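The residues making up each chain are set out below.
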Amino acid sequence: MDGEDEAEEEAVMTLPDGYSDEARALWDAALALNRAAGAVSLPPLLFFTDPERTPRPWETAARLPAGAGVVFRAFGRPEALETGLRLREATRKAGVRLLVGLDADLAERIAADGVHLPERAADRAGALRRDRPGWLLTAAWHGEAPAPTGLDALILSPVFPAGGASADKASLGVAAFARLATDASTPVYALGGIDAANVMRLAGSGACGVAGVAAIRQAFAIRT
């Protein structure tokens, strides 16, 4: 890539006016991690939805930078299809990739870009890869069992003390995260308690990007 191409890429990746300092901090750090890990084919930033903590996820999705990703977790809610379609519309307009948590049928129905698997279901990756070779496949990992294989990326959590389903889990800390990420044969995202105030602690950790729920929703909210 020559200097002109690099400058053009940097301009595309830079957030325009109207974004909070928190959004810029998260995005810039995620980009730096992504490039350092040599994982530029993967979204640097992943927004994980949650029916309780992100009740209107399409609004956040519409504000994400082009190249980011959304992991839609419906958790069996009856409005899953409606929400998924709204997310698909928002992510397509924003140039953001959309993954669906676990439900491959729902992913098909909303024309998602892939599937995110819980750790307990990571062994489904092989079948999904055969059926949909173009999908982006990720899986959760908590570092206690060997890293799942056959995936494009893993999401390792919780790095820092976190809320939601990880609230009762002991945090890994940066040193343990870095060791696990280095030993894994698959790119690894950092998830859990990450926000604009601590994201730079991940520098040099080997993370291929940053994932989050509430912190991303808050950082990319419309400021009035």
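The structure we're discussing is the one just above.
Every chain begins its residue count from 1, and numbering advances along the sequence as written. Thresholds applied to this predicted model are a pLDDT of at least 70 for local features of residues and 80 or more for the giving and counting of side-chain atom pairs; totals over whole chains, interfaces and linings are not thresholded and use all residues. Just so you know, side-chain values use all the structure's heavy atoms and leave hydrogens and water out.

## A look at the overall build of the chain
Okay, step 1: Under the DSSP-based scheme used, a helix requires at least four consecutive residues in state H or I and a strand at least two consecutive residues in state E, with every element numbered from the N terminus. The secondary structure content of the chain amounts to 8 helices and 8 strands.
Okay, step 2: Projected onto the principal axes, the alpha-carbon positions of the chain cover approximately 40 × 40 × 40 Å.
Okay, step 3: Whether two residues are in contact is decided by their heavy atoms, any of which lying within 4.5 Å being enough. Restricting to contacts in the chain with at least 6 residues of sequence separation, those with at least 24 account for 54%.
Okay, step 4: Seen as two clouds, the 23 positive and the 29 negative side-chain charges of the chain have centres 6 Å apart. Note that His is not counted, nor are the chain ends; the positive residues are Lys and Arg, and the negative ones are Asp and Glu. The atom standing in for a charge is NZ when the residue is Lys, CZ when it is Arg, CG when it is Asp and CD when it is Glu.

## Description of the pairing of strand β8 (residues 209-212)
A regular strand places its side chains on the two faces of the sheet in alternate fashion.
Okay, step 1: Neither face of β8 is left uncovered, since the one carrying Gly-209 and Ala-211 and the one carrying Val-210 and Gly-212 both have all their residues buried.
Okay, step 2: Think of it this way: DSSP has to see at least two bridges between two strands before they count as a pair. Relative to β8, strand β1 (residues 45-48) is paired through 3 bridges, and the arrangement is parallel. Looking across to β8, one finds that Leu-46 is bridged to Ala-211. Type-normalised accessible area, obtained with a 1.4 Å probe on protein chains alone, sets the label of each residue: buried when under 20%, exposed when over 50%, and partly exposed for intermediate values.

## Topic: the side chain of Arg-88
Okay, step 1: Turning to its location among the elements, Arg-88 is positioned in helix α4 (residues 80-94).
Okay, step 2: Excluding its chain neighbours within four sequence positions, the residues that come into contact with Arg-88 are Val-96, Leu-98, Ile-110, Ala-111, Ala-112 and Asp-113.

## What about the pattern of salt bridges?
Okay, step 1: The rule for a salt bridge is simple: a side-chain nitrogen of Lys or Arg has to be within 4 Å of a carboxyl oxygen of Asp or Glu. Throughout the structure, instances matching the rule amount to 7 salt bridges.
Okay, step 2: One salt bridge connects Arg-56 with Glu-59, and the closest N-O pair in it is separated by 2.6 Å.
Okay, step 3: When its relative accessible area of 43% is taken as the criterion, Arg-56 is described as partly exposed.
Okay, step 4: Exposure remark for Glu-59: the relative accessible area of 40% places this residue in the partly exposed category.
Okay, step 5: Salt-bridge contacts for Glu-108 lead to Arg-132; the nearest nitrogen and oxygen are separated by 2.6 Å. A residue pair is termed long-range when its members are at least 10 positions apart, and Glu-108 in helix α5 (residues 104-109) and Arg-132 in the loop between α6 (125-131) and β5 (136-141) qualify at 24 residues.
Okay, step 6: Salt bridges sharing common partners tie together Glu-52, Arg-77 and Glu-79.

## Some details on helix α7 (residues 173-183)
Residues spaced three or four apart along an α-helix point in a common direction, a consequence of the helix completing one turn every 3.6 residues.
Okay, step 1: Regarding α7, the residues found buried are Val-174, Ala-176, Phe-177, Ala-178, Leu-180 and Ala-181.
Okay, step 2: Against the buried residues of α7 lie β5, β6 (153-156) and β7 (188-191).

## Digging into the environment of Cys-208
Okay, step 1: Residue placement: Cys-208 occurs in the loop between β7 and β8.
Okay, step 2: Measuring from C-alpha to C-alpha, the distance between Cys-208 and Trp-27 comes to 13 Å, with 181 residues separating the pair along the chain.
Okay, step 3: If sequence neighbours within four positions are ignored, Cys-208 has contacts with Leu-33, Asn-34, Ala-37, Ala-39, Leu-42, Pro-44, Pro-187, Val-188 and Tyr-189.

## So, the nonpolar core
Okay, step 1: Membership of the largest hydrophobic core comes to 58 residues, with the highest contact counts inside it found for Leu-45, Leu-64, Leu-202 and Phe-220.
Okay, step 2: By residue number, the principal contributor to this core is helix α2 (residues 21-36), which donates 7 residues.
Okay, step 3: Here Leu-202 is in contact with Leu-33, Val-159, Val-174, Ala-190, Ile-194 and Val-210, once residues within four sequence places are set aside.
Okay, step 4: Among buried residues, those of type Ala, Val, Leu, Ile, Met, Phe, Trp, Tyr and Cys that are joined through side-chain atoms within 4.5 Å constitute a nonpolar core. Grouped together as the second largest cluster of nonpolar side chains are 14 residues, Leu-136, Ala-153, Ile-155 and Tyr-189 included.

## Comments concerning the sheet that holds β6
Okay, step 1: Around the barrel, which closes on itself, the 8 strands sit in the order β1-β2-β3-β4-β5-β6-β7-β8 with parallel pairing between neighbours. The average angle at which neighbouring strand axes cross in this sheet is 25°, direction not considered.
Okay, step 2: In the sheet, β5 pairs with β6 via 4 bridges, with the strands oriented parallel. Paired with Trp-141 across the strands is Leu-156, a residue of β6.
Okay, step 3: Only the contacting stretch of a helix is used when fitting its axis, a line to C-alpha atoms as for every element, and angles between N-to-C directions run 0 to 180 degrees. In the packing of α7 onto the sheet, contacts are made with β5, β6 and β7, and the angle to β7 comes to roughly 160°.

## Looking at the packing of aromatic side chains
Okay, step 1: Each aromatic pair joins two rings of Phe, Tyr and Trp (for Trp, the six-membered one) with centres within 6.5 Å, and gets the label stacked for planes under 30 degrees apart, edge-to-face for over 60, and tilted for any other angle. Throughout the structure, instances matching the rule amount to 1 aromatic pair.
Okay, step 2: Centroid distance Tyr-19 to Phe-220: 5.9 Å. Interplanar angle 70°. Geometry classified as edge-to-face. Separated by 201 residues along the polypeptide, Tyr-19 in the loop between α1 (3-13) and α2 and Phe-220 in the segment after α8 (214-219) bring together distant segments of the chain.
Okay, step 3: Note on Phe-220: relative accessible area 0%, which makes it buried.
Okay, step 4: Cation over ring: Arg-86 sits above Trp-58, and NZ or CZ is 4.0 Å from the ring centre. For a lysine, the NZ atom is tested; for an arginine, the CZ atom; a charge sits over a ring if that atom is within 6 Å of the ring centre and within 35 degrees of the ring normal.

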